[in-house]
Each structure stands twice: as structure tokens, then as C-alpha cells.
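Remarks on the overall topology
Each chain is listed here by its residues.
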Amino acid sequence: MNVISQIVQQALVTGYLTIEAEERLRLLLQQTQYNLEDFQAFMTLQQEAMKGRVRQESRELWQSHQRITAAV
């Protein structure tokens, strides 16, 4: 299993994608050659996030910031 697939698997198991893992995925996808297994894993992660089965720390922080800003 490649690094991208490992990061995705961890997010799928925990149901949570940390900011660090998200950034690492972003860098790996931009800077490395990845195979079909990694690409399919990433697409699965995207689908699970869209369905709400994987939460994203970055999105939760952004939404929290938006609520605070709106309340001020």
C-alpha cells in the first residue's frame, strides 16, 4: 500500500481527516507520481467526505470561524 492509500485508509477507518493529513495528501498529489490504486483511494475519500462519512478538520475549523465571525 502506498503512502496516499495509507493516509486515505486511516481517514476512512477513523472517519476523520486531519489538517496535517490533508496537507500531506495535497503535497503528495502535486509532487509525486502516484498509481491507479492511490488515485482510486483518493477518489473514495472524496466521495466519503461528500457523503459526510469522513469529517474534515479544516472544514470544521472554517465553519466554526464563520459562526464566530457572523456572531460578532
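Below you will find a few notes about this structure. These numbers were taken from a predicted model, which means no experiment stands behind them. (Residues numbered from 1 in each chain as written. Predicted model: local features only at pLDDT ≥ 70, side-chain atom pairs only at ≥ 80, totals over all residues. Heavy atoms only, no water.)

Before going further, it helps to examine the packing of helix α1 (residues 3-14) against helix α3 (residues 36-50). Two elements in contact, α1 and α3, have axes separated by 8 Å at closest approach and are oriented at 25°. By the angle between their directions, the pair α1 and α3 is classed as roughly parallel. When the axes of α1 and α3 are compared, the crossing they make is left-handed. Of α3, the residues touching α1 (which contributes I4, S5, V8, A11 and L12) are E37, D38, A41, F42, T44, L45 and E48. (Axes fitted to C-alpha atoms, helices over the stretch in contact; angles between N-to-C directions. Helix = DSSP H or I, 4+ residues; strand = E, 2+ residues; numbered from the N terminus. Parallel < 35°, antiparallel > 145°, perpendicular 65-115°, else oblique. Left-handed = near helix turned anticlockwise from the far one by under 90°. Contact = heavy atoms within 4.5 Å.)

What follows covers α1. For α1, spanning 12 residues, the distance from its first C-alpha to its last is 17 Å, which sits close to the expected 16 Å at 1.5 Å a residue. Taken residue by residue, α1 has I4, S5, I7, V8 and A11 as its buried positions. For α1, the angular spread of the buried residues around the axis is 160°, confining them to a single face. Taken together, the buried residues of α1 touch β1 (16-17), α2 (19-31) and α3. The positive-phi residue at the C-terminal boundary of α1 is G15, with phi of around 75°. (Expected span 1.5 Å × (residues − 1). Buried < 20%, exposed > 50% of the residue type's maximum accessible area, 1.4 Å probe, protein only. Arc of directions from axis to C-beta.)

The next point concerns the environment of N35. Take N35: it is sitting in the loop between α2 and α3. Here the alpha-carbon distance between N35 and S5, two residues 30 residues apart in the chain, equals 9.9 Å. At a separation of 3.4 Å, a polar atom in the side chain of N35 contacts the side chain of N2. (Polar contact = N/O pair within 3.5 Å; in protein donor to acceptor, adjacent residues only side chain to side chain.)

Now for α2. Taking 1.5 Å of rise per residue, the 13 residues of α2 would be expected to cover 18 Å, and the 18 Å separating its terminal C-alpha atoms lies within 8% of that figure. Of all the positions in α2, only A21, E22, L25 and L28 are classed as buried. Down the axis, α2 shows its buried residues gathered within 130° of arc, on one side only. Turned more than 90 degrees from where α2 packs its buried face, E20, Q30 and Q31 sit exposed. In this structure, the buried residues of α2 make contact with α1, β1, α3, β2 (55-56) and α4 (57-71).

This part covers the pattern of salt bridges. Applying the stated rule across the entire model yields 4 salt bridges. As a salt-bridge pair, R26 and E22 come within 3.4 Å of each other at their nearest N and O atoms. Here R26 and its partner E22 are both found in helix α2, 4 residues apart, which amounts to about one turn of the helix. With a relative accessible area of 14%, E22 lands in the buried category. Judged by its relative accessible area of 37%, R26 falls in the partly exposed class. Through salt bridges that share partners, E22, E23 and R26 make up one connected network. (Salt bridge = Lys/Arg side-chain N within 4 Å of Asp/Glu carboxyl O.)

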